[in-house]
Amino acid sequence: EPEVTQTPSHQVTQMGQEVILRCVPISNHLYFYWYRQILGQKVEFLVSFYNNEISEKSEIFDDQFSVERPDGSNFTLKIRSTKLEDSAMYFCASSVTGTSNTEAFFGQGTRLTVV
Amino acid sequence: GDSVTQMEGPVTLSEEAFLTINCTYTATGYPSLFWYVQYPGEGLQLLLKATKADDKGSNKGFEATYRKETTSFHLEKGSVQVSDSAVYFCALSDPGSARQLTFGSGTQLTVLP
């Protein structure tokens, strides 16, 4: 069964460093997303991406964040200068369409720890 | 804005007990409603969904009915198993938004043998 894969599963970085979280969405999917979950809190939407453009972003997704689809398979989230409060589980997801009744398929997540 | 309020956890049940996890929502549009499950060490998986009022989503013995009048989508299972131990997330998708999903806070379920 096709699945969304994320790497690495766990990343530890020093405050102020840049990190890139990587995702390989399901191959025929056209819509891509990043969510995050701070420990003990809700899963929060960060950004949606379609046709090589950001479709929507949340207030969390400020200038330190960026997304890219550098080739036909990868979808990345870059955090330019990490802060302690960026420590969270980051989930990538993809869907065939962007309609509200479409299932989004999630990866296993990358746990980011900023020290 | 859209929001999902989910029953606080954790919930601990004995095997074969009846499960209810409450979920209510607020949405500006006419949302689709979902339950996702996260087993230990795994990603979020869709458990069931409902896209219009009075629809019942079902899967693996779990059910939830889209109640527009009470803005609710409570998850139920008649007889839980140890293998159902996981975190359950209620979520909505608003057709007026490209953000796909707004999640509840998640409910940790532990089923004891």
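Residues numbered from 1 in each chain as written. Chains lettered and ligands numbered in written order. Predicted model: local features only at pLDDT ≥ 70, side-chain atom pairs only at ≥ 80, totals over all residues. Heavy atoms only, no water.

The next point concerns the side chain of S72(B). All names here are of chain B. Assignment of secondary structure puts S72 in the loop between β8 (62–65) and β9 (75–77). Overall, S72 belongs to the buried group, its relative accessible area being 4%. Among the polar contacts made by the side chain of S72, one reaches the side chain of T70 at a distance of 2.8 Å. (Helix = DSSP H or I, 4+ residues; strand = E, 2+ residues; numbered from the N terminus. Buried < 20%, exposed > 50% of the residue type's maximum accessible area, 1.4 Å probe, protein only. Polar contact = N/O pair within 3.5 Å; in protein donor to acceptor, adjacent residues only side chain to side chain.)

Contacts between the two partners involve 23 residues from chain A and, on the opposite side, 24 residues from chain B. At the boundary of chain A with chain B, total buried surface from both sides reaches about 1900 Å², with 50% on carbon and sulfur atoms. When the buried surface of chain A facing chain B is broken down by residue, K42(A), S100(A) and F106(A) rank first, second and third, together holding 29% of it. At the junction of chain A and chain B, the tally comes to 3 residue pairs in polar contact (both at pLDDT 80 or more). (Contact = heavy atoms within 4.5 Å. Buried area = accessible area lost by both parts, 1.4 Å probe.)

Time to look at the state of the cysteines. Where two cysteines share a covalent bond between their sulfur atoms, that bond is called a disulfide. Tallied over the full model, the rule gives 2 disulfides over all chains. Here C23(A) is linked by a disulfide to C92(A), with a sulfur-sulfur distance of 2.0 Å. Residues C23(A) and C92(A) are joined through a disulfide that is left-handed, its torsion about the S-S bond being -65°. Of the two residues, C23(A) sits in strand β3 (residues 19–24) while C92(A) sits in strand β9 (residues 88–95), which places them 69 residues apart along the sequence. Overall, the relative accessible area of 0% leaves C23(A) in the buried class. Since its relative accessible area comes to 0%, C92(A) is described here as buried. Across a sulfur-sulfur distance of 1.9 Å, C23(B) and C90(B) are joined as a disulfide pair. (Disulfide = S-S within 2.5 Å.)

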